[in-house]
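# Fold and contact review
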Amino acid sequence: MTPMIHFPTLVLAQDAPGLAGQPVAPTTAPAATTGAPGSPAAKPQPQGMDGSILFMMLAAFGVIIVMQIFGSRKERKKRDALLGALKKNDRVQTAGGVIGAIVEVKPETVVLKVDENSNTRITFAKSAIVAVLNAAEGDKAEAKA
């Protein structure tokens, strides 16, 4: 059988039940606590995080996520409309900054004429088109009439 070792109890001045300057007799057993609010033995209950704050934080994160999802859907619809409306002779700008007139529209690509003098044509993916600068010349004539 191993012997029991007793360590001295450390009592801080804040926790001391006696008045300052009066010696306190050491105790070996804990005193009976009544739990009355004014008694020194009554300890404050730990304050936990309020459930409403957690709910509000989760709701705020939910709103942010929903706004991002709906915002990206709107942008995607706008982009799909832009790419779907591409037609021959539209002047467009690519993501790399190349500006040219559309010569041919294929399902996944477009052919741009970028230089009139040398008749230079470059094939781009449709996804590279970022803006339509002006509509085809035929559309302008219809708009004037």
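Note that the coordinates shown come from a computational prediction; the quantities given were computed from them, not determined experimentally. (Residues numbered from 1 in each chain as written. Predicted model: local features only at pLDDT ≥ 70, side-chain atom pairs only at ≥ 80, totals over all residues. Heavy atoms only, no water.)

## What about the pattern of salt bridges?
Our working definition: For this analysis, a salt bridge means a side-chain nitrogen from Lys or Arg found within 4 Å of a carboxyl oxygen belonging to Asp or Glu. Exposure is judged per residue with a 1.4 Å probe applied to protein chains only, and the accessible area is read against the type maximum: over 50% gives exposed, under 20% gives buried, and values in between give partly exposed.
The final tally for this structure, using the stated rule, is two salt bridges. The salt bridge partner of D90 is K87, with a shortest N-O separation of 3.8 Å. Residue classification places D90 among the buried residues on the basis of a relative accessible area of 2%. For K113, the salt bridge identified is with E116, shortest N-O distance 3.6 Å. In this structure K113 comes out as partly exposed when scored by relative accessible area, which is 22%. Classification of E116 by relative accessible area gives exposed; the value is 59%.

## Some details on unusual backbone geometry
The test is simple: Put simply, DSSP marks the helices as runs of H or I at least four residues long and the strands as runs of E at least two long, and each gets a number from the N terminus on.
Of note in this structure, N89 is not a glycine but carries a positive phi near 75°. Secondary-structure assignment places N89 in the loop between helix 1 (51-84) and strand 1 (91-94). Residue class for N89 comes out partly exposed when judged on its relative accessible area of 44%. If you check the backbone angles, N119 has positive phi at about 55° while not being a glycine. Residue placement: N119 occurs in the loop between strand 3 (109-115) and strand 4 (120-125). With relative accessibility at 39%, the residue N119 sits in the partly exposed group.

## Brief notes about a nonpolar patch on the surface
We apply this condition: Candidate patch residues must exceed 30% relative accessible area and have no salt bridge, after which like charges are joined if within 9 Å and Val, Leu, Ile, Met, Phe, Trp or Tyr side chains if within 5 Å. Residue exposure ignores everything except the shown protein chains as possible cover, and the areas themselves are Shrake-Rupley values with a 1.4 Å probe.
Nonpolar side chains collect at one region of the surface, where I53, M57, F61 and I64 lie side by side and expose about 390 Å² of accessible area between them. Structurally, the position occupied by I53 is in helix 1.

## So, the nonpolar core
Applicable threshold: As used in this record, nonpolar core signifies buried Ala, Val, Leu, Ile, Met, Phe, Trp, Tyr and Cys residues forming a set joined through side-chain atoms within 4.5 Å. Residue contacts follow a heavy-atom distance rule, with two residues in contact if any of their heavy atoms lie within 4.5 Å.
Within the largest apolar cluster, nine residues are counted, these being L83, L86, V92, I102, V110, L112, F124, A128 and I129. Once you skip the residues sitting within four places of it in the chain, A128 turns out to touch R79, Q93, T94 and A95.

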